[in-house]
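Listed below, chain by chain, are the residues.
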Amino acid sequence: MNVNKKMLALLIVLSLLVGAGGMYGSMALFGNDSKYVQNGEVNDLPKTATKVDNDEEFAKLQKTYEIISSRYVEDVDRDKLLEGAIQGMVKTLKDPYSVYMDEETASQFTQSLDSSFEGIGAEVSMVDGKVTIVAPFKDSPAEKAGLKPNDQIITIDGKSVEGLDLYKAVLKIRGEKGSVVTLGVKRTGVNDVMPVKVTRDEIPIETVYSDIEEVKGKKIGVLEITSFSEKTGSDFKKQLTELEKEKIDGLVIDVRGNPGGYLEAVDSILRQIIPEKKPFVQIEDRKGNKERYVSKLKEKKDYPIIGLIDKGSASASEILAAALKEAGNYDLVGEKSFGKGTVQQSIDLGDGSNIKLTLFKWLTPDGNWIHKKGVKPTFEVKQPDYFYTNPITVEKKALEFDMNNEQVKNAQVMLNGLGFQTGREDGYFDEKTQAAVTAFQRANNLPATGKVDTKTAGKMEAKVIDSIRDDKNDVQRKTAIELLAK
């Protein structure tokens, strides 16, 4: 690449970045790109071609480039010099989700939301400079390993992620099916960094699951949406049609742990369930101009709807939740959502590299910006305590009688949740805790030592995950269904 072409690429990038500050966003481990809606239709973001005046606006930049290239004491790789200049401009935005990717990095983010991918199956964001789990996907290796929303990833295979941008960190987390990655995780309420081993696998992108529960003589349909991919809107329509053929008396739309995805997918869904009286979302540009999107649906469904949300519900999930609450006047059950109110777009720079940039805010039907605030449920419901437990770290010595620490506390919460009563959850390993451990071991064909060793800890965690997946223990879901069955 000659100097003129390099400077042209640099100027085009800079023209895209002017004024785009104070933003926040998230991305999937398989690299989703957002879309935007205009005049009721979803389209790719149009190309930006702002003209710049080389002589007046960029003389200083070009002069610096030429001086370093020609006069620095050692030979300089001019391509790397240009890459550094672009990365420097992006960093001045102080938006960790606006990221420049060189050709090599960009080529590794070609997997789309309509395919399968290999990895751990989790959505990550950069929150306050930390690589943070937004949500693990349903039945993914990340979920099975016990990763939870808001877990901060401190190390990957023993190496610090400090200084890595989100994309670089994600590439280190990704890997081939069957390989193991050890993540050093910091979790709220836990002092130490926890090692979490995750076996990578192929993650299929099946995003809509349906079910019917009969309660008090009423049929309640449940539609769970795990992410918003290219086919989610059409899959939702098919499965909703099947539920309606069964004459459902109410519908639960579950977006807990759903990290988002394509804006066009949630747009398609909301046009099926939100009537035309109010916009279901508003997209705002940097100048404050708003595009309001309204469905053509004349009337509400002839059955009530309730949305299910939690702290892992982000982005497109929050658009859906806010639309249900403010435009549909439907209830929400669960916990306050993640709080991501911006839209990103990947922009190709023409040479294989690209920049992912925050370009819009999205607002709720009433014009609220939920960024870093989240959507609040109308019925706040927490799951049982053992749903929120941390992995048990057993290092050189097993947990045993008379110990007092955070790991013992985790074990006590798990045992109580599984029906093996310890009588306490304060972290002190007393005789009753020892008896509960012994009972658990006997029930699961383990040596009845009364000590929590690696095998016992692993079995306890596996049983907790099985219990969490059992719908009969899902208090949030049960609450939503009971409200609809009244």
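Residues numbered from 1 in each chain as written. Predicted model: local features only at pLDDT ≥ 70, side-chain atom pairs only at ≥ 80, totals over all residues. Heavy atoms only, no water.

Looking at an unreviewed UniProt entry, the protein carries the name S41 family peptidase, with the source organism given as Fictibacillus nanhaiensis.

## What to know about the side chain of Thr-438
The residue Thr-438 is located in helix H12 (residues 431-443) in this model. Setting aside its immediate chain neighbours within four residues, Thr-438 contacts Ala-448, Thr-449 and Gly-450. (Helix = DSSP H or I, 4+ residues; strand = E, 2+ residues; numbered from the N terminus. Contact = heavy atoms within 4.5 Å.)

## A short note on the packing of helix H9 (residues 263-273) against helix H10 (residues 316-326)
With their axes 9 Å apart at the nearest point, H9 and H10 run at an angle of 20° to one another. One element, H9, and the other, H10, form an angle in the roughly parallel class. Crossing angle aside, the handedness with which H9 passes H10 is right-handed. Two secondary-structure elements touch here, H9 through Leu-263, Val-266, Ile-269, Leu-270 and Ile-273 and H10 through Ala-316, Ile-319, Leu-320, Ala-323 and Leu-324. Across the contact of H9 with H10, the residue classes break down as ten nonpolar, no polar and no charged. (Axes fitted to C-alpha atoms, helices over the stretch in contact; angles between N-to-C directions. Parallel < 35°, antiparallel > 145°, perpendicular 65-115°, else oblique. Left-handed = near helix turned anticlockwise from the far one by under 90°. Nonpolar A, V, L, I, M, F, W, Y, C, P; charged D, E, K, R; others polar.)

## Observations regarding the sheet that holds strand E19 (residues 331-334)
Backbone hydrogen bonds hold the strands of a sheet together, and the pairing may be parallel or antiparallel. Spatial ordering of the open sheet is given by E13-E14-E15-E18-E19-E22, a layout of six strands whose pairing is mixed. Each edge of the sheet is formed by a strand with only one pairing partner; in this case those strands are strand E13 (208-215) and strand E22 (379-380). Bridge analysis of strand E15 (residues 250-254) against strand E18 (residues 305-309) gives four bridges, and the strand direction is parallel. Among the inter-strand pairings, Ile-253 is bridged to a residue of E18, identified as Gly-307. (Pairing = 2+ DSSP bridges.)

## Focus: the packing of helix H8 (residues 232-245) against H9
Viewed as axis vectors pointing N to C, H8 and H9 meet at an angle of 30°, and their least axial separation amounts to 7 Å. Viewed along their axes, H8 and H9 adopt a mutual orientation that is roughly parallel. Within the contact between the two elements, H8 uses Thr-232, Gly-233, Phe-236, Lys-237 and Leu-240 and H9 uses Ala-265, Ser-268, Ile-269, Gln-272 and Ile-273.

## Section: the nonpolar core
The biggest cluster of nonpolar side chains holds 41 residues, and the ones touching the most others in it are Phe-228, Leu-251, Leu-270, Ile-273, Ile-274 and Leu-320. Every element with two or more residues in this core is listed here: strand E14 (218-225), H8, E15, H9, strand E16 (281-284), E18, H10 and strand E21 (354-363). The element best represented in this core is H10, accounting for seven residues. Among all residues touching Ile-274, those that are not within four sequence positions of it are Phe-280, Ser-295, Leu-297, Ala-323, Leu-324, Ala-327, Gly-328 and Tyr-330. Counting residues in hydrophobic clusters, the runner-up holds 23 residues, among them Met-126, Ile-173, Val-181 and Met-194. (Core = buried A, V, L, I, M, F, W, Y, C linked by side-chain atoms within 4.5 Å. Buried < 20%, exposed > 50% of the residue type's maximum accessible area, 1.4 Å probe, protein only.)

## Structural notes on helix H4 (residues 78-91)
For H4, which comprises 14 residues, the first-to-last C-alpha distance of 20 Å matches the rise-based estimate of 20 Å (1.5 Å per residue) to within 8%. Within H4 the residues assigned to the buried category are Leu-82, Ile-86, Met-89 and Val-90. The arc that holds the buried residues of H4, viewed along the axis, is 105°, so those residues lie on one side. Seen from the buried face of H4, the exposed residues on the opposite side, beyond 90 degrees, are Lys-80 and Lys-91. You can read the cap of H4 off the contacts: a side-chain oxygen lies 2.9 Å from the backbone nitrogen of Asp-79, and it is on Asp-77. (Expected span 1.5 Å × (residues − 1). Arc of directions from axis to C-beta. Polar contact = N/O pair within 3.5 Å; in protein donor to acceptor, adjacent residues only side chain to side chain.)

## Overview of the pattern of salt bridges
Under the criterion given, the structure shown has 19 salt bridges. One salt bridge connects Lys-278 with Asp-366, and the closest N-O pair in it is separated by 2.7 Å. Of this pair, Lys-278 sits in the loop between H9 and E16 while Asp-366 sits in the loop between E21 and E22, and the two are 88 residues apart along the sequence. Residue Lys-451 pairs with Glu-400 through a salt bridge whose shortest N-O separation is 3.3 Å. One end of the pair, Lys-451, is in the loop between H12 and helix H13 (454-469); the other, Glu-400, is in the loop between E22 and helix H11 (406-417), and 51 residues separate them in sequence. The network of salt bridges with shared partners includes Asp-211, Glu-213, Asp-471 and Arg-477. (Salt bridge = Lys/Arg side-chain N within 4 Å of Asp/Glu carboxyl O.)

## Concerning the pairing of E13
Where E13 lies against E14, eight bridges are found, and the strand directions are antiparallel. What sits directly across from Glu-213, in E14, is Ile-220. Taking the residues that link successive antiparallel strands as the turn, the E13-E14 hairpin has two residues, and the phi of Lys-216 there is positive, at about 55°.

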